[in-house]
Amino acid sequence: GAQNPEKVAPINESPVGFAGKGRFLDPRGITVAIVDDDEGVRKSLGFVLELDGFKAYQFESPAEFLATLGGTEIDCLIVDFCMPESTGLTLTAQLREIGVQIPVILMTAHFDPKIEDDAKKLGIYRVLQKPFAGNPWPQLIPAAIADSQH
C-alpha cells in the first residue's frame with residue numbers, strides 16, 4: 001500500500017515535552033523572559049519564541065526585569081551577557097541570592113571560557129553564542145526547565 005502523507009501528524013502537534021511542575025511542558029504553557037539591552041535582538045527573539053508558542057516578555061535591563069519579579073510567573077530567563085549597567089551573570093547571581101531558581105540561558109556575542117565557568121558556578125543551563133544557529137529554543141527551553149526541576 002502507498003503511504004498516505006495526510007495521516008502523518010505534524011511534528012509540532014506531537015506531545016513532546018517534559019513532565020515537571022505536574023504538567024507536560026510544551027511551548028504553549030511556558031513563559032519566557034528576555035533581558036537584553038539590544039532592542040533588535042529582544043524583538044526578533046520575542047517574535048521567534050511567540051511563533052513557537054511560548055509566551056515571551058521583553059525587558060531592556062536587569063533592573064526592569066527585577067522590578068517586575070513576583071508579579072509574573074516566569075519559567076525560563078534568557079539574558080544577554082553584556083549590558084550597559086550589568087551583566088547576565090550579575091543578574092543571575094542576584095536572583096540566586098533572593099532564592100529565585102528559574103533556569104537561565106545566557107547569550108553572548110563574545111564567547112569566553114571564563115564566562116562559561118562563571119555561568120556553571122551559578123547554575124546557568126547553557127551559554128549560547130550570538131548569532132544563533134537555526135532555532136534552538138523549542139528544544140532548549142523545555143530542557144532547561146526539566147533540568148532545573150531535578
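Preceding this paragraph is the structure being described.
Note that the coordinates shown come from a computational prediction; the quantities given were computed from them, not determined experimentally.

### Let's talk about the side chain of D36
Moving on, step 1. Tracing the backbone shows D36 in the loop between β3 (31-35) and α1 (39-51).
Moving on, step 2. Looking at D36, the relative accessible area reads 0%, which means it is buried.
Moving on, step 3. From its side chain, D36 meets the backbone nitrogen of D38 in a polar contact 2.8 Å long.
Moving on, step 4. In contact with D36, other than residues within four places in its own chain, are V41, R42, F59, E60, D80, M83, M107 and K130.

### Regarding the pattern of salt bridges
Moving on, step 1. Here the structure, examined in full by the defined rule, presents five salt bridges.
Moving on, step 2. Notably, a salt bridge pairs E39 with K43, separated by 2.8 Å at the nearest N-O pair. One end of the pair is E39 and the other is K43, both in helix α1 and four residues apart, which spans about a single turn.
Moving on, step 3. Overall, E39 belongs to the partly exposed group, its relative accessible area being 43%.

What counts and how
Residues numbered from 1 in each chain as written. Predicted model: local features only at pLDDT ≥ 70, side-chain atom pairs only at ≥ 80, totals over all residues. Heavy atoms only, no water. Helix = DSSP H or I, 4+ residues; strand = E, 2+ residues; numbered from the N terminus. Buried < 20%, exposed > 50% of the residue type's maximum accessible area, 1.4 Å probe, protein only. Polar contact = N/O pair within 3.5 Å; in protein donor to acceptor, adjacent residues only side chain to side chain. Contact = heavy atoms within 4.5 Å. Salt bridge = Lys/Arg side-chain N within 4 Å of Asp/Glu carboxyl O.

Honestly, it's all geometry; don't read function into it.
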